[in-house]
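# Survey of secondary and tertiary structure
The lines below spell out each chain.
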Amino acid sequence: MNQPAVQNPAPAVTMIAMTHVEKWYGEFQALTDINLTVRKGERIVLCGPSGSGKSTLIRCINHLESYQKGEIRVGGTRLGDDAKTIDAVRREVGMVFQHFNLFPHMSVLENCMLAPMRSLGVSKGEAEATARQLLGRVKILEQAEKYPAQLSGGQQQRVAIARALCMKPKVMLFDEPTSALDPEMVKEVLDTMIGLADEGMTMICVTHEMGFARQVANRVIFMASGAIVEEAPPEEFFHNPRHERTRKFLGEILSKH
Amino acid sequence: MNYQLDFTPVIDGLPALLMGCLGTFLLALAGMALAIVIGVGGVVLRDSKIAPVRWLVKAFVEIIRNTPFLVQIFFIYFALPLAGLRLDPTPTAIIALGINGGAYAIEIIRGGVQSIGKGQIEAGLALGLHKAQVFRLIVLKPALRAIFPSLTSQFVLLTLTTSIASAISAYELTSVAQRIESDSFRSFEVYGTITLFYLVISWVMMRFFSAISTRYFSYPVK
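Since the structure is predicted, the reported quantities are computational estimates derived from the model, not experimental observations.

### Examining the environment of A:A88
Among the secondary structure elements, A:A88 is positioned in helix α2 (residues 83-92). C-alpha separation for the pair A:A88 and A:V38, spaced 50 residues apart in sequence, amounts to 18 Å.

Here is the structure:
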């Protein structure tokens, strides 16, 4: 803990390692030879046209999707098809969805307390304390007793972020977290994500918010047709894209904004 | 119409009739409790990984929903003793009502479960909950809320179906009425009276279910 971290920082710890991952839906190949290493504290932005496999990729990391070939390691765990490793990985990996997916029959607070109590076995008091602290961090503590349907989309998504954080994850996956939001609510969610990045959270974000990518990402990854086409730091990615498909995609997406 | 109304037997029999109402209520409530257990359990088993279990649930639903309740109750009461299972009329009626209501409840609740978005389930799984926990903690309540009106009318129907249990002399309102009627021949008065009683019983049941709905399912939705 007291290492002098000035000159020679400890070698970065690998959080996620995907090697030669392949996935098919029947005849259709959804992921082709995916190789991706994410180190602790890294922020990755995944982008690409719809159907390019970016959501499928991050959904493989917490096994919401299975894959047929290759290997995924999260932390020290090699993800298998067995409940034991899947559980171990899901407890360490938080996920935020496009459509928030808050549980409608539970208050905001209950949404945040459910999994720590039922999955980690945390006591009610401790779960509530954590939930309140994290709801405060996403600036929505005053809505703790409300139900999801009483909140705006942006507020719901911030609750969803807090809910995932309540599990104290080591990695956060964001699957188009702002795509279902009205434009005026995008910023509050992005600001929350930027705050999280500033605190050193390891993050993989599927998003088309290129401003966010510029500001936060260590690396931007462009996918097309189920494969990783290009991978570069944002500066290089935006100003000097190597592949034709990347250039075309950037042309389309940047002209929209 | 020279018929002279005479409610004396009904008035004399009122305590017995009111006890019969109580019997009907208890029969209905016990039957519903069993039907809920069968309904929720059946929904879980219907999606079992084990194919024969799925077939069994489907076959159960089809058999029960496509045969008369009277035959089902006769089968349990008269046929099962030949296989060594002898039950009193009232337990027989409860089991028959539970099985019958359960078969309908399986189909109704399944509709509710299917109405729950995949995203809800994925959110639960991503939070590290097991499949069974996801069903119990995340899916079940919104699913029941979605189909609660249908379940209510099915259970009011179940309440009225208790009268068929009079065929095996289970303790409930219609069998009490039959006894009074056969002693007094005052059919019009007796059956007229219990018709009103059944209306009240149905009304009470509906109030009961709407109270449950208010208590458990009144969270806001968009």
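### So, the sheet that holds strand β5 (residues 77-78) of chain A
Residue and element names in this part refer to chain A. Reading across from one edge, β2-β1-β4-β5 is the order of the four strands in this open sheet, with antiparallel pairing throughout. Of all the strands in the sheet, the pair left with one neighbour each is β2 (28-39) and β5. Two strands pair when backbone bridges link them, and strand β1 (residues 14-25) and β2 are joined in this way by eight bridges, in the antiparallel orientation. Each residue of the ladder has a partner; that of A17, found in β2, is T37.

### Things to note about the nonpolar core
Residues and elements named next belong to chain A. Ranked by size, the top nonpolar core spans 80 residues in total, and within it M18, L57 and I204 carry the most contacts. Here M18 is in contact with I34, N35, L36, L57, I61, E71 and I72, once residues within four sequence places are set aside. Within the second largest apolar cluster, 52 residues are counted, among which are V45, A213, F237 and F249.

### Some points on the packing of helix α4 (residues 69-79) of chain B against helix α5 (residues 89-114) of chain B
All names here are of chain B. Contact geometry of α4 with α5 gives a least axis separation of 9 Å together with a crossing angle of 135°. Judged by the angle between their axes, α4 and α5 are oblique. For the pair α4 and α5, the sense of crossing is right-handed. Each of F69, Q72, I73, I76 and Y77 in α4 lies in contact with α5, whose residues at this interface are P89, T92, A93, I95, A96, L97, I99 and N100. Classifying every residue of the contact of α4 with α5 gives ten nonpolar, three polar and no charged.

### Details of helix α3 (residues 108-120) of chain A
With 13 residues, α3(A) ought to run about 18 Å at 1.5 Å a step, and its terminal C-alpha atoms sit 19 Å apart, in line with that. Where α3(A) bends most, the angle comes to about 25°, and this point is A:L114, followed within four residues by the proline A:P116.

Conventions used here
- Residues numbered from 1 in each chain as written.
- Chains lettered and ligands numbered in written order.
- Predicted model: local features only at pLDDT ≥ 70, side-chain atom pairs only at ≥ 80, totals over all residues.
- Heavy atoms only, no water.
- Helix = DSSP H or I, 4+ residues; strand = E, 2+ residues; numbered from the N terminus.
- Pairing = 2+ DSSP bridges.
- Core = buried A, V, L, I, M, F, W, Y, C linked by side-chain atoms within 4.5 Å.
- Buried < 20%, exposed > 50% of the residue type's maximum accessible area, 1.4 Å probe, protein only.
- Contact = heavy atoms within 4.5 Å.
- Axes fitted to C-alpha atoms, helices over the stretch in contact; angles between N-to-C directions.
- Parallel < 35°, antiparallel > 145°, perpendicular 65-115°, else oblique.
- Left-handed = near helix turned anticlockwise from the far one by under 90°.
- Nonpolar A, V, L, I, M, F, W, Y, C, P; charged D, E, K, R; others polar.
- Expected span 1.5 Å × (residues − 1).
- Bend = angle between axes of the 7 residues up to and from the residue.

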